[in-house]
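Residues per chain, in single letters:
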Amino acid sequence: MSGDVPANRPPLSLHVPEPRFRPGDAVDYAHVEVPPAGSARRPEPGDAAASFHELAFGLVRVLDEENRAVGPWAPRLSPDVLRQMLRNMALVRAFDERMFRAQRQGKTSFYMKSTGEEAVSVAAAMAMQRDDMCFPSYRQQGILITRDYSLVEMMNQIYSNRGDKLQGKQLPIMYSAKDYGFFSISGNLATQYPQAVGWAMASAAKGDSRIAATWCGEGSTAEGDFHSALTFATVYRAPVIFNVVNNQWAISSFSGFAGAEATTFAARAVGYGIAGLRIDGNDALAVYAATEWAAERARTNAGPTLIEHFTYRAEGHSTSDDPTAYRSADEATGWPLGDPIRRLRDHLIAIGEWDLERHAAQDLELAEQVKRAQKEAEANGILGHGLHQPLDTLFDGVFEEMPWHLREQQAQMLAEEEASGRPWARK
Amino acid sequence: MTDEMIETAAPAGGETSRMNMIQAINSALDVMMGRDDDVLVMGEDVGYFGGVFRATAGLQQKYGKTRVFDTPITEIGIIGVAIGMGAYGLRPVPEIQFADYIYPALDQLVSEAARLRYRSAGEFTAPITVRSPYGGGIFGGQTHSQSPEGIFTHVSGIKTVIPSTPYDAKGLLIAAIEDNDPVLFLEPKRIYNGPFDGNWDRPAKNWSAHPGGAVPAGYYRIELGKAATVREGGDLTILAYGTMVHVVQAVVEEAGVDAEILDLRTLVPLDIEAIEVSVKKTGRCMIVHEATRTGGFGAELSALVTERCFHHLEAPVERVTGFDTPYPHSLEWAYFPGPVRIGQALKKIMKD
Ligand SMILES: Cc1ncc(C[n+]2csc(CCOP(=O)(O)OP(=O)(O)O)c2C)c(N)n1
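What you see is a predicted model, and the numbers here were worked out from it, not measured in a lab.

With respect to the sheet that holds strand β1 (residues 133-135) of chain A
Residues and elements named next belong to chain A.
- Read from one edge to the other, the open sheet built from 5 strands follows the order β1-β2-β3-β7-β6, with strand pairing classed as parallel. The open sheet has two edge strands with one neighbour each: β1 and β6 (275-280). Taking each pair of neighbouring strands and ignoring which way they run, the sheet shows an average axis angle of 20°.
- Bridge analysis of β1 against strand β2 (residues 212-217) gives 3 bridges, and the strand direction is parallel.

A word on the site of the ligand
- Near the ligand you find 20 residues, and of these Y138(A), R139(A), G187(A), S220(A) and E75(B) are the closest.
- The residues that come close to the ligand belong to more than one chain, namely chains A and B.
- Between the ligand and the protein, one listed contact pairs an oxygen atom with a side-chain N or O atom of H317(A) at 3.3 Å.
- Interatomic distance of 2.5 Å between a side-chain N/O atom of E75(B) and a nitrogen atom of the ligand.
- For the ligand, whose accessible area on its own is 580 Å², the fraction buried by protein is 96%.
- Here the residues of the shell around the ligand are counted per class, giving 7 nonpolar, 8 polar and 5 charged.

Some words on the pattern of salt bridges
Residues and elements named next belong to chain A.
- On inspection of all chains with the given rule, the structure shows 43 salt bridges over all chains.
- With a shortest N-O distance of 3.2 Å, K107 and E378 are connected by a salt bridge. Placement of the pair is K107 in the loop between α1 (79-104) and α2 (118-127) and E378 in helix α11 (residues 356-378), with a sequence separation of 271 residues.
- For the salt bridge of R343 with D280, the shortest nitrogen-to-oxygen distance reads 2.9 Å. Placement of the pair is R343 in helix α10 (residues 340-350) and D280 in strand β6, with a sequence separation of 63 residues. Neither R343 nor D280 differs from the other in exposure class; each is buried.
- When salt bridges that share partners are traced, they join R61, E65, D280, D283 and R343 into one network.

Digging into the sheet that holds strand β14 (residues 318-320) of chain B
Residue and element names in this part refer to chain B.
- What the 5 strands build is an open sheet, ordered β9-β11-β10-β13-β14; its pairing is mixed. On the outer flanks of this sheet lie β9 (228-231) and β14, each paired with one strand and no other. Strand-to-strand, the axes of this sheet are offset by a mean angle of 25°, without reference to chain direction.
- Here strand β10 (residues 236-240) runs beside strand β11 (residues 259-263); their pairing, made up of 5 bridges, is parallel. Across the sheet, T237 pairs through a bridge with E260, a residue of β11.
- Of the strands in this sheet, β10, β11 and β13 (285-288) touch helix α9 (residues 272-282), which is tilted by about 170° from β11.

Describing the pairing of strand β5 (residues 129-134) of chain B
All names here are of chain B.
- Of all 6 residues in β5, 6 are buried, a share of seventy percent or more.
- The two faces of β5 match: T129, R131 and P133 on one face and V130, S132 and Y134 on the other face are all buried.
- Relative to strand β7 (residues 183-188), β5 runs parallel, the two being bridged by 6 bridges. Residue P133 lies in a different strand from β7, and its bridge partner there is E187.

Let's talk about unusual backbone geometry
- With an omega dihedral of 0°, the bond running from V268(B) to P269(B) counts as a cis peptide bond.
- Examined against the element boundaries, P269(B) turns out to sit in the loop between β12 (266-268) and α9.
- A positive phi is found at S160(A), a non-glycine position, where the angle reads about 50°.
- With respect to the helices and strands, S160(A) occurs in the loop between α4 (151-159) and α5 (192-205).
- For S160(A), a relative accessible area of 0% puts it in the buried group.
- Its identity is not glycine, yet F139(B) carries a phi of approximately 55°, on the positive side.
- Mapped onto the fold, F139(B) is located in the loop between β5 and α6 (149-153).
- The class of F139(B) is buried, set by a relative accessible area of 15%.

Some thoughts on the packing of aromatic side chains
Residues and elements named next belong to chain B.
- All told, the structure shown has 25 aromatic pairs over all chains when counted by the stated rule.
- Ring centres 6.4 Å apart and planes at 85° place the aromatic pair F323 and Y335 in the edge-to-face group. One end of the pair, F323, is in the loop between β14 and α11 (332-335); the other, Y335, is in helix α11, with 12 residues separating them in the sequence. Both residues of the pair, F323 and Y335, belong to the buried class.

Thresholds applied
- Within any chain, residue numbers begin from 1 and follow the written order of that chain's sequence.
- Chains carry letters from A onward and ligands carry numbers from 1 onward, assigned in written order.
- Reporting in this predicted model follows two pLDDT cut-offs: at least 70 for local features of residues, and 80 or more for side-chain atom pairs to be given and counted; totals over whole chains, interfaces and linings ignore these cut-offs and use all residues.
- Remark: hydrogens and water are excluded; side-chain values derive from all non-hydrogen atoms of the structure.
- Two strands qualify as a pair provided DSSP detects at least 2 bridges between them.
- Here a helix means four or more residues in a row that DSSP labels H or I, a strand means two or more in a row labelled E, and each is numbered from the N terminus.
- Fitted lines through C-alpha atoms give the axes, limited to the stretch in contact for helices. The angle between two N-to-C directions lies from 0 to 180 degrees.
- Proximity is defined per residue: if any heavy atom of the residue lies within 4 Å of a molecule or strand, that residue is considered near it.
- Between N or O atoms, a polar contact is any pair within 3.5 Å; within protein, one atom must be a potential hydrogen donor and the other a potential acceptor, and residues adjacent in sequence are included only when both atoms are from side chains.
- Here the open area of atoms and residues is found with the Shrake-Rupley method and a 1.4 Å probe, where only the protein chains shown may cover a residue.
- When residue character is reported, Ala, Val, Leu, Ile, Met, Phe, Trp, Tyr, Cys and Pro are called nonpolar, Asp, Glu, Lys and Arg charged, and the others, Gly included, polar.
- Salt-bridge detection follows one rule: a side-chain nitrogen of Lys or Arg within 4 Å of a carboxyl oxygen of Asp or Glu.
- A 1.4 Å probe rolled over the protein chains alone gives each residue an accessible area, and that area as a share of the maximum for its type sets the label: buried under 20%, exposed over 50%, partly exposed in between.
- Two residues qualify as a contact provided that any one of their heavy atoms is within 4.5 Å of a heavy atom in the partner residue.
- Whether two aromatic rings pair depends on their centres lying within 6.5 Å, for rings of Phe, Tyr and Trp, where Trp uses its six-membered ring; planes under 30 degrees apart make the pair stacked, over 60 edge-to-face, and the rest tilted.

Bear in mind that shape data such as this cannot, by itself, settle questions of function.
See below:
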């Protein structure tokens, strides 16, 4: 149906976003503005958000084309810290490679890589205090690895095996690690955003010194939870850091479906009166510097910061996804901001603190470390048909104490086990 | 919509071919978009890519971006926008990528879509059909496995439809799209590619040998509110829908019980007449669903049967359901109401 269009009013038309490149298209990134490294100004962390709006539209970069760290945002980190950062990122990548392959070999049901986005989680975790609280999405395994969480524990969870401390209750990679300041990951997008604000408000209300940080993809910024979180955070000046990982794609939907044709994601901060920084997410030093700045802002009661990490999802969304069906393969290879690991490596080489031989040796060493961990984890079992968990753990944790109806159902389940004649383990 | 178009004894919809449930749903959308310019498809990843389960594949290429489009990731936005488009006069078919992600949309569904006709005394309606894959059996963990139908059957003003074969999926989806009230169309994703008998350790089947896998190419409808008798019998009546129809059939065959199996197909409005006639004939009633037990749709069915058939019942109504826990990952098959649970209930109700 449609209304009649009077002669003096033009017919409307509906705009539906369309990405620049589809499979088979040659990719030209001329439209991506990449300002020179070091050109963005660095306000004081306590400055009024309205005094540096341009930072929500620009791109804070530290590493330049000669691999030097330049400008006011360059963090003065020792070579040891830089090498640790590089190592953490390389370990994340090695871990991702191995676990992706394990899924392909049928050892588990699902996996998600963070390839190309390692800096976003690793450098941020390094710029925060170890006891600051993180509310991640499913793509920040780098936080756990940076905080020295056990690779074997991660793999146990991925395999839902006997060693999985989440008792096989969650989809692979939906970790939870309270002692590591890592909140239980939800499969429902953006729910962690207001939760992070709540944690931060509680910390402030109690006169604590710890802050919170949260992460979501650019696609998830469309969810209502994202906007509720920003409203609460600005109202109560919550000590929280919002990270929007703009990796350009949300499964098959490009960032235009989250509003990127009209403005930046950092600019969401402007409307809420929150500090907004748009940064080169493939520049580990820019991620470190922005996080350090935002952490100081939060710690001094100057309020929240929203950081847009401009990056690229170099691989599929998950093991269930085939990105060649909707985007040009050239996009990843031509990404104008390069690869975060390579860029930090080249910086360390440029300052005379690293070389390609050591890098290659480290890659081998990390691959071995991951392989060893995998062997250890697989000794606890792989998902297979999923019968590793003691059967009655199914009912643990619905409530603190089990009400009658769950006790009845648990008894029923155990009777079914007897009847089935299957050798399922009991607790 | 004219009366002659309603399903008749003569084969409607033209020549049939073998389809799986995804293809049948795709075909229903295609047929309806071809017949009615006001039908449009929207949702996360449904456009160029054609949906994460491929149910909308090829539709954007055929009907263009203003009729088949990707949306921002906001379920409440998707449903609210669909209602607004419906208010203009269009007939949107929004997809919620997984039923587990429908909760952010609850307010628009429950407070808005369901009540718009009532509160405006018919001035505005929400003729939307919300498609969403639901149910477990695919190792999807707690956020790709849930069966939330009971939440919606509790809401006045929304129809809830659940097919169990490709043939039904197409005919019911067409009827849902033509319906002037909001319809929640839940697709049992475990049987997208083939019927499932509940035995996860046996090889998967596809739809090629199942009668419900023969699907006409063209237009036909299956009226909402009509159950299907998938097996006639005299010993007891089993009420099921979605995946569980197939699990129940397999259990009944293996147990050698002469059960009458009703595939409800529409939960609201329910085919109460078919249920009453069958239960009064058999004197026993068992209800099977995958969703959690407490306050589930099985509770409503049990109450109805008890209220209406009490004097015909020879045994208490038996409910077989998922357990009242979140959907687990590794213990999926301990959770799932499979052959053992159904078989035990069957023994119990036949003994009583
Ligand atoms: C509430 C909700 N809606 C939909 C989904 C399905 N889904 C899972 S990931 C995803 C894309 C998310 O993209 P983005 O936020 O950009 O993060 P990225 O995957 O790129 O890291 C979608 C739509 C979900 N998990 N939760």
